[in-house]
Each structure stands twice: as structure tokens, then as C-alpha cells.
Amino acid sequence: MEYTTLGDTGMTVSKICLGCMSFGDPDWRDWVLGEEEGKELVERALELGVNFFDTANMYSNGESERILGEALAGHREEAVVATKGYFQMDESDPNSGGLSRKAIEQELQASLDRLGMETIDLYQIHRWDDETPITETMAALDDAVRRGQVRYLGASSMWAHQLAEALHTSDRAGYDRFVTMQNHYNLVYREEEREMLPLCETEGIGTIPWSPLARGYLARPDDEVDATIRGETEEHLYRHPYREGGGPEINARVEELAAEKGVKMAQIALAWQFHKERVDAPIVGTTSVEHLEDAVEALDIDLSTSDIEWLEEPYEPVHVSGHE
Ligand SMILES: NC(=O)c1ccc[n+]([C@@H]2O[C@H](COP(=O)([O-])OP(=O)(O)OC[C@H]3O[C@@H](n4cnc5c(N)ncnc54)[C@H](OP(=O)(O)O)[C@@H]3O)[C@@H](O)[C@H]2O)c1
């Protein structure tokens, strides 16, 4: 395994983060693994040297957090545990979502309880909350750090001007600031290169992209995208503009380069991420041990500058996707 420090912090994480959206409760999404298979994934990840795990309160309505917590029993200190809050957890309770002080305090405590942990290493806001002043959110998050419930704070998909405002708010007040950005970024969705990634670089914010394989679109030829349960059933895969802006041509080039190098398409898509200096650790989603092992092997793939340019060349701007 290769390791890096996360953004400007001194905390070391594996260059692969295991995304835990893919296990929890199969009733939540058709492609989600149940408890035992989820625990097997975490166990294998630890064996492979992966120490970085990303979940959220909303994944399988809390089941992902609960299973991750149990799977990490006996490994708590070596693991870096990241979770998120924002989306409404209880339809009948408007305060179970958003980023008000009340929502953050209650949802953070619920995450800690499900994880069975006293402290979360990285607590992230899943989205921006237009209804809550950012000063209230940053004060509540800073208090959580002071209480010892959270070690570091992170943000996820939002506009770059919003991240800049949040950083400015915490800096002015002397609060802990966000140290990471979990954003939507892959070979067929590169809009983050315009504003967000340069901002993160200037501000020393670590980046941990979600859906680095474009939800599986970059793991198979274009005409086989619906060949898996996820491909067949996951509406987001089709809502994101992966097939626009040169997507099918990029998909074909990933396939061609993979064949040339004797590796899998998913490994080329991940190798591209590993070659991006601005990326700390992509958050890989998988429902199989084999695919997790593929991801780890992809760390050894060498891409030349011309390989990278060739893969990137067909990309054309697409509409912003992942946050509005
Ligand atoms: N902050 C946010 O708003 C946000 C949004 C989405 C996701 N996330 C985070 O990002 C993580 C990853 O998201 P994602 O699952 O959408 O990411 P992804 O890694 O882009 O896509 C996962 C898909 O790729 C397939 N795949 C992975 N490795 C493969 C391989 N070697 N060969 C063939 N197919 C392969 C998986 O299939 P198999 O299941 O068959 O392995 C799965 O269908 C989530 O778990 C979550 O932690 C965050």
C-alpha cells in the first residue's frame, strides 16, 4: 500500500479510501451488500493496508456506519474513519437533516453511536445548507472538535465560492477549518478542474474524489454498462453526464489502453487518479473483494504523460453534476 498525508494535516491515509456506500442494507439499493459481505470487504481492505474508510449517516439509513464500526472492532486506532452528515434521516423530522447546530449535534452523536466510537477522524458536511448561516455550521463543527467527538472537518460537493466562504468564516473566527474536499471527479467528469481543485491546492485542502470509476461507467465498455445489478438499477449512473462531453470516446480509450497494458479498465481509470497530484485518495466503491484487489494493484500502473493526455483529450465540458 502507498500512503500520503491528508491535505495539510499530519494524518496518514492509504492512497485508496474504501467507500462504504456499497454495504449496509440491500433493501436500501439493489446493489448494496449485506452485513457479512460488508465485513469481509473491510477485513480484506485492512489486510491490504487500506486504512481509510468513508461512510455517511444516510448510507443504508445508518447501517453502513453500524457495520463499519463492528468490522473495525480491534482495529480502531489504525483506521481513519470518515463519515458525513446533512441529508435528512427521518422524513417526519426536519431537524434530522441540514447543518444547523441542532442537526449537527444530534446527527453527529447518532453517527458516533452507530459506529460505536468516541471520535470520528474526519467529519464531513455532505452538501451545503442554504437554510443555515455558515457561521452557525462552522461554530457547531468547531465545538464538536473541542468536545473530542471529531478530529478533522471535511466538506463535500459544493461550489468553490461556498468552500472559500466556509474557509474564510472559520479562519476569521479562529475555528478549525475544513481540511478535505470530497468531490465528484473522474475521467468523464472533470468540471472540478475549473475552480474547486485549484482552490483546494492553494488552500492546502486534501481531495478525496467520489465515484472515481464514474459509478462503474469506466469499468466496462460503454455498451456493457448495464451488465451488473448496479448498472441496471442505479439511476445516478445515468443522471450524471458521463455519456456526454466525449464520454464514450474516453470509455473506448480506457478500454484500448487497458488492453495494451494487459490490465482492467477500472485499473486504468484509477491509475489516472493516482497520477493526479491534486488527488490524495480516490474513494473506491466496490461490492467484491476481487475489485478491491484490482484497485490496490492499480497503484503499480505507470501512465506516461502522453497516456494521460490521450485519455483526457476527448473531454468536453458538461453540466455540473453532484451538487446544484
Ligand atoms: N460525497 C458524495 O456525495 C458521494 C457520492 C457518491 C459516492 N460517495 C462515496 O464514494 C464511494 C465510491 O462511490 P461509487 O461506488 O459511486 O464509486 P466508483 O468507484 O466510481 O464506482 C463503483 C462501481 O465500479 C465498479 N467497480 C469497481 N472496481 C471495479 C473493477 N475492478 N472492475 C469492474 N468494476 C469495478 C463497482 O462494481 P462492483 O460493485 O461489482 O465492484 C461499482 O459498480 C462511495 O462508497 C461513497 O463512500 C460520496
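Before reading on, note that the structure itself is shown above.
Keep in mind that what you see is a predicted model, and the values were worked out from it rather than measured. (Residues numbered from 1 in each chain as written. Predicted model: local features only at pLDDT ≥ 70, side-chain atom pairs only at ≥ 80, totals over all residues. Heavy atoms only, no water.)

Visitor: Sorry if this is basic, but what is going on with helix α12 (residues 305–312) here?
Guide: Think of an α-helix as 3.6 residues a turn; residues three or four steps apart then line up on the same face. If you check which residues of α12 are buried, you get Asp-307, Ile-308, Leu-311 and Glu-312. Within α12, the buried residues cover an arc of 125° as seen down the axis, which keeps them to one side. Seen from the open side of α12, the exposed residues pointing more than 90 degrees away from its buried face are Thr-305 and Glu-309. For α12, the secondary structure elements touched by its buried residues are α9 (247–261) and α10 (265–274). (Buried < 20%, exposed > 50% of the residue type's maximum accessible area, 1.4 Å probe, protein only. Helix = DSSP H or I, 4+ residues; strand = E, 2+ residues; numbered from the N terminus. Arc of directions from axis to C-beta. Contact = heavy atoms within 4.5 Å.)

Visitor: Sorry, what's going on with empty space enclosed by the protein here?
Guide: Leftover empty space is mapped by rolling, across the atoms, a probe with the size of a water molecule. Applying the stated rule across the entire model yields 1 cavity of 30 Å³ or more. Looking at the largest cavity, its volume works out to about 30 Å³. Taken together, Leu-99, Trp-128, Asp-129, Thr-132, Ile-134 and Thr-137 form the lining of the largest cavity. Within the lining of the largest cavity, the residues separate by chemical class into 3 nonpolar, 2 polar and 1 charged. (1 Å grid on protein atoms, 1.4 Å probe; cavity = no way out; pocket = protein on both sides within 12 Å on 5 of 7 lines; lining within 4 Å. Points joined across faces, edges and corners; volume = space filled by probe spheres on them. Nonpolar A, V, L, I, M, F, W, Y, C, P; charged D, E, K, R; others polar.)

Visitor: What is the right way to read the pairing of strand β5 (residues 80–85) from this model?
Guide: Where a strand is regular, its side chains alternate between the two sheet faces. Across the 6 residues that make up β5, a large majority, 6, are buried. On β5, burial covers both faces: Val-80, Ala-82 and Lys-84 on one face and Val-81, Thr-83 and Gly-85 on the other are all buried. Across 3 bridges, strand β4 (residues 52–54) lies against β5 in parallel orientation. Considered in β5, the bridge of Phe-53 is made with Val-81. Note that β5 and strand β6 (residues 120–125) share 4 bridges and pair parallel. Looking at the pairing, Thr-83 lines up with Tyr-123 of β6. In this region the chain leaves β5, passes through helix α3 (residues 101–115) and returns to the parallel neighbour β6; the handedness of that crossover is right-handed. (Pairing = 2+ DSSP bridges. Right-handed = clockwise from strand over helix to strand, strands pointing away.)

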